[in-house]
Amino acid sequence: MVLASQCSRLWSWAESDDINRGRRPLRAAPHVEKHPVKITSDNFKQGDFIPEALAWGRIGEDGSTVRSTNLNPQLSWTDAPEGTASFVLACLDDDVPTDLAERDASGEIPVSQPRRRFVHWVQPNCPADVTSIAEGALAEERKTTPGFGAVCINDYSRGGTPAPGETGTGYDGPCPPFFDARWHYYRFMVFALDAPRLELPENATWQDVDAAMKGHVLASAELVGRYTLNPRLAAL
């Protein structure tokens, strides 16, 4: 249960983050879009269970949470509108608990509990001629692979500033609480921008990227997959 304990500390930090709890919208801020764009994955289809290889944690043989391989999924995006100069890629989970101590009679966090956002990935300044990422191409020691844009801070950073390539930067996959009664839905998103490069601060976060791309979004799309570490849910 060591990994579950590590995850619990992470959820506790995010739970107590004032920005996350009360001031961050549960959905991405609206952007004006005039054209469609599509995003797909070879790993899962819309609404499907995300393969455990793409997660930070998985269910072990004894039902406990153990470390997984944390590979980024294969993603492809097409039909970007004319004038696209760069892309932003992101993965958001809007199903994260706001109170880890609240449990129902079975010891699980109730489905009805209010939820908040957890950022798993944000990658701006991806060149306009890049329209796919292979599975695992930006995972672990390959997070800083050149040619795919800027490596930003995700919420595994626990509010810190890890070095590029470490946990808390780039893509870090699902690891929801094993005692959550609710499925978590992960939004893999692509934004087509009319700007070749966003001017961002060092150690930029989703909030920085979201603010910088306002007024530059030509189109966006998302692919949603679901995941759980709750053995009861996984068996359904």
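Details of the structure are given in the entry above.
What you are looking at is a predicted structure, and each value in this text was computed from that prediction instead of being measured.

Time to look at the pairing of strand β4 (residues 75-78). Along β4, the buried face is formed by Leu75 and Trp77; none of Ser76 and Thr78, which line the opposite face, is buried. Pairing between strand β1 (residues 38-40) and β4: three bridges, direction antiparallel. Opposite lysine 38, over in β4, you have threonine 78 as the bridge partner. Pairing of β4 with strand β7 (residues 132-133) involves two bridges; the strand directions are antiparallel. Across the sheet, residue leucine 75 finds its bridge partner in β7, namely isoleucine 133.

Although it is not a glycine, asparagine 70 sits at a positive phi angle of roughly 55°. In this structure, asparagine 70 sits in the loop between β3 (65-67) and β4. Residues other than glycine seldom take positive phi values, yet asparagine 203 does so here, at roughly 60°. Looking at where asparagine 203 falls in the secondary structure, it is placed in the loop between β8 (184-193) and α3 (206-212).

Next up on the list: the sheet that holds strand β5 (residues 86-97). Pairing within the open sheet is antiparallel, and its four strands lie in the order β6-β5-β8-β9. Each edge of the sheet is formed by a strand with only one pairing partner; in this case those strands are β6 (115-127) and β9 (217-227). Between one strand axis and the next, the sheet turns by 15° as a mean value, whatever way the strands run. With nine bridges joining them, β5 and β6 adopt antiparallel strand pairing. By the bridge assignment for β6, serine 86 is matched with proline 127.

Next up on the list: the nonpolar core. If you look at the biggest cluster of nonpolar residues, it comprises 35 residues, and the most contacted ones within it are Ile50, Leu75, Trp77, Trp121, Ile133, Phe188 and Val190. Excluding residues within four positions of it along the chain, isoleucine 50 makes contact with Phe44, Pro174, Tyr186, Phe188, Gly225, Arg226 and Tyr227. Val119, Ala204, Trp206 and Met213 belong to the second largest nonpolar core, which has 15 residues in total.

Time to look at the sheet that holds β1. Whether parallel or antiparallel, the strands of a sheet pair through hydrogen bonds between backbone atoms. Spatially, three strands are ordered β1-β4-β7 in an open sheet, and the strand pairing comes out antiparallel. For this open sheet the edge positions go to β1 and β7, each flanked by a neighbour on one side alone.

Moving on, we get to the packing of aromatic side chains. For the structure on display, the rule yields 10 aromatic pairs. Taking the centre distance of 5.6 Å and the plane angle of 55° together, the rings of phenylalanine 44 and phenylalanine 188 count as tilted. Of the two residues, phenylalanine 44 sits in the loop between β1 and β2 (57-59) while phenylalanine 188 sits in strand β8, which places them 144 residues apart along the sequence. The interplanar angle of 85° and the centroid separation of 5.9 Å between the aromatic rings of phenylalanine 49 and tryptophan 183 together place this pair among those described as edge-to-face. Residue phenylalanine 49 is found in the loop between β1 and β2, and its partner tryptophan 183 is found in the loop between β7 and β8; the two are separated by 134 residues along the sequence. For phenylalanine 49, a relative accessible area of 35% translates into the label partly exposed. Since its relative accessible area comes to 18%, tryptophan 183 is described here as buried. Members of the aromatic cluster, joined through ring pairs, are Phe44, Trp121, Tyr171 and Phe188.

What counts and what doesn't
- Residues numbered from 1 in each chain as written.
- Predicted model: local features only at pLDDT ≥ 70, side-chain atom pairs only at ≥ 80, totals over all residues.
- Heavy atoms only, no water.
- Buried < 20%, exposed > 50% of the residue type's maximum accessible area, 1.4 Å probe, protein only.
- Helix = DSSP H or I, 4+ residues; strand = E, 2+ residues; numbered from the N terminus.
- Pairing = 2+ DSSP bridges.
- Axes fitted to C-alpha atoms, helices over the stretch in contact; angles between N-to-C directions.
- Core = buried A, V, L, I, M, F, W, Y, C linked by side-chain atoms within 4.5 Å.
- Contact = heavy atoms within 4.5 Å.
- Phe/Tyr/Trp six-rings, centres within 6.5 Å; stacked < 30°, edge-to-face > 60°.

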